[in-house]
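Fold and contact review
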Amino acid sequence: MAATSPGPGATWGSAAPPSDLGALLKACALGDEGAFSRLYDLVSSRIYGLVLRVVRDPAQSEEVAQEALLDIWRTSSRFDPAQGSAISWMLTIAHRKAVDRVRSAQAATDREGVYGARNQDREFDQTAETVERSLDAQRVRNAMETLTETQRGALELAYFGGYTHTEVAALLDIPLGTAKTRIRDGLIRLRDTLGVQS
């Protein structure tokens, strides 16, 4: 690929991508490196900004943004304009990469905590509570997999990313009402899947 990683403090492309992002993705799917370089210049700042809000560490955010852009290049043939806008598709990839990085860091922290606590005695109720929390988290992860990609993307931004409905709409390049509907429908589906009483 022609594009390379900007160093710390470097600018990450222009702020407002034009409407030809879908066409650039199609060209990328055909292996057009020039199209990817143009796409990179147009969207890298938004991708980096999104990743930074989730990961919070600038150096790690640069890495994750680069991974996301590489993923966009590799999977550009999977973009389907019938499923949503090009920027929404790319931001969803970036958000998932960022969430994966945060989860990976949390898992490493958890492993260290478990290792340090292995030799400590625990009361039965503390152990039961830990197991219950772990099972609940697994149930939620499994339930998230039952959502549509659009519902899951909106919920991840709203609840893992901490964005407001207005910010979710802006990030996904969709009307505010559509963002609210995706989040509401996703929550209803999660509630039904988890068997939670309304």
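Further up the page is the structure itself.
Notes on the structure in this doc start here. Residue numbers run consecutively from 1 along every chain, following the written order of its sequence. Totals for whole chains, interfaces and linings use all residues, but because this is a predicted model, local features are given only for residues with pLDDT of at least 70 and pairs of side-chain atoms are given and counted only at 80 or more. Only hydrogens and water are set aside; all other atoms, that is, all heavy atoms of the structure, feed into the side-chain values.

All right, on to the overall build of the protein chain then. A helix here means a DSSP run of H or I that spans at least four residues, while a strand means a run of E at least two residues long, and both kinds are numbered starting from the N terminus. For the protein chain, the helix and strand inventory stands at eight helices and zero strands. Out of the 198 residues in the protein chain, the part that is buried amounts to 36%. Only protein chains enter the accessibility calculation, which uses a 1.4 Å probe; a residue is then buried when its area is under 20% of its type maximum, exposed when over 50%, and partly exposed in between.

Residue placement: Leu176 occurs in helix H8 (residues 176-194). In this structure, the C-alpha to C-alpha distance between Leu176 and Thr166, residues 10 residues apart in sequence, is 5.9 Å. With residues near it in sequence (within four places) discarded, Leu176 still touches His165, Thr166 and Ala169. Every residue pair with non-hydrogen atoms within 4.5 Å of one another is taken to be in contact.

An α-helical segment advances 3.6 residues per turn. Residues three or four places apart therefore align on the same side. Counted at 1.5 Å a residue, the expected span for helix H2 (residues 33-55) with its 23 residues is 33 Å, but the 28 Å between its end C-alpha atoms falls short. At Val43, H2 shows its largest kink, close to 50 degrees. N-capping of H2 is provided by Asp32, with a side-chain oxygen placed 3.0 Å from the backbone N of Gly34. One or two positions beyond H2, positive phi appears at Arg56, with a value near 80 degrees. To estimate how far a helix should extend, the number of its residues minus one is multiplied by 1.5 Å. To get the bend at any residue, fit one axis to the seven residues that end at it and another to the seven that begin at it, then take the angle between the two axes. By the criterion applied in these results, polar contacts are pairs of N or O atoms within 3.5 Å in which, for protein atoms, one can donate a hydrogen and the other can accept it, and in which residues neighboring in sequence qualify only through two side-chain atoms.

Now for the environment of Val55. Note that Val55 resides in helix H2. Looking at Val55, the relative accessible area reads 13%, which means it is buried. For Val55, the contacting residues outside a window of four places in its chain are Gln60, Ser61, Val64, Ala98, Arg101 and Val102.

Remark: helix H7 (residues 165-172) packs on H8, axes separated minimally by 8 Å, with the N-to-C direction vectors making an angle of 110 degrees. In this view, H7 runs roughly perpendicular relative to H8, as classed from their interaxial angle. Facing His165, Thr166, Val168, Ala169 and Leu172 of H7, the residues of H8 in contact are Leu176, Ala179, Lys180, Arg182 and Ile183. For the contact of H7 with H8, a count of residues per class yields six nonpolar, two polar and two charged. Note on method: axes are straight lines fitted to C-alpha atoms, helices fitted across the in-contact stretch only, with angles between N-to-C directions ranging 0 to 180 degrees. These descriptions rest on fixed angle ranges, namely under 35 degrees for roughly parallel, over 145 for roughly antiparallel, 65 to 115 for roughly perpendicular, and the rest for oblique. Only Asp, Glu, Lys and Arg are considered charged, only Ala, Val, Leu, Ile, Met, Phe, Trp, Tyr, Cys and Pro nonpolar, and every remaining residue, Gly among them, polar.

With that settled, consider helix H1 (residues 21-29). Considered for burial, the residues of H1 that qualify are Leu21, Gly22, Leu24, Leu25, Ala27 and Cys28. Where H1 terminates, the next one or two residues include Gly31, which has phi positive at roughly 90 degrees.

Definition of nonpolar core: a set of buried residues of the types Ala, Val, Leu, Ile, Met, Phe, Trp, Tyr and Cys, connected through side-chain atoms within 4.5 Å. Core analysis: the biggest nonpolar cluster contains 49 residues, and Leu21, Leu39, Val43, Ile47, Ile72, Met90 and Val168 have the highest contact counts within it. Only H1, H2, helix H3 (58-75), helix H4 (86-117), helix H5 (124-144), helix H6 (149-160), H7 and H8 provide two or more residues apiece to this core. Ranked by residues supplied to this core, first place goes to H2 with 12 residues. Among residues more than four places away in sequence, those in contact with Ile72 are Leu25, Leu39, Ile47, Trp89, Met90 and Ile93.

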